[in-house]
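# Report on the structure
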Amino acid sequence: MAKFKPHRQASHLLRIIAWSSMALYAVGSPTALATGFASAGSISNIISEQGGVLFFIQHGTRTDRPACATLDRWVINVNTPSGQTMAAALMMAYSMHKQVEIHGTGSCPDWGDTETVDYFQIAN
């Protein structure tokens, strides 16, 4: 009988979800390149809002923040299938204490003072 290795299987599932998330979002994304960026960092202060957005803070070094992003946080629109996939992958990374690298859209369409996530990568 094969031994169950939950950490290895969870890590593999996390990679699958992250890649699926990026692929789904890239298909629906109107911009080819994101402008906002944050190097790998931990996630905190996750807030789910009734309007269908998920806010979080990421503790990496942030560059190229758009003028509209007056608060140092990120937002994901969970009203879309790609946003739901990204939110699931983000929550899994958070629960496994993984760091993420964020790439933003360079704009704030989902919440006026917060940059929308274009995609993110889970750091090893």
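Residues numbered from 1 in each chain as written. Predicted model: local features only at pLDDT ≥ 70, side-chain atom pairs only at ≥ 80, totals over all residues. Heavy atoms only, no water.

## Some details on the overall build of the chain
Along the backbone of the chain there are two helices and seven strands. Scanning the chain from its N terminus toward the C terminus, one meets helices and strands in the order α-β-β-β-β-β-α-β-β. Within the chain, the proportion of its 124 residues that are buried is 39%. Considering only residue pairs separated by 6 or more positions, the chain has 60% of its internal contacts joining residues 24 or more positions apart. Approximately 7100 Å² of the chain is accessible, and the part contributed by carbon and sulfur atoms is 58%. (Helix = DSSP H or I, 4+ residues; strand = E, 2+ residues; numbered from the N terminus. Buried < 20%, exposed > 50% of the residue type's maximum accessible area, 1.4 Å probe, protein only. Contact = heavy atoms within 4.5 Å. Areas by Shrake-Rupley, 256 points an atom, 1.4 Å probe, with all protein chains shown as cover.)

## Here we look at helix H2 (residues 81-95)
Counted at 1.5 Å a residue, the expected span for H2 with its 15 residues is 21 Å, and the 21 Å between its end C-alpha atoms agrees. The set of residues buried in H2 consists of Ser-82, Gly-83, Thr-85, Met-86, Ala-87, Ala-89, Leu-90, Met-92 and Ala-93. Among the residues trailing H2, His-97 stands out with phi positive, at a value near 60°. (Expected span 1.5 Å × (residues − 1).)

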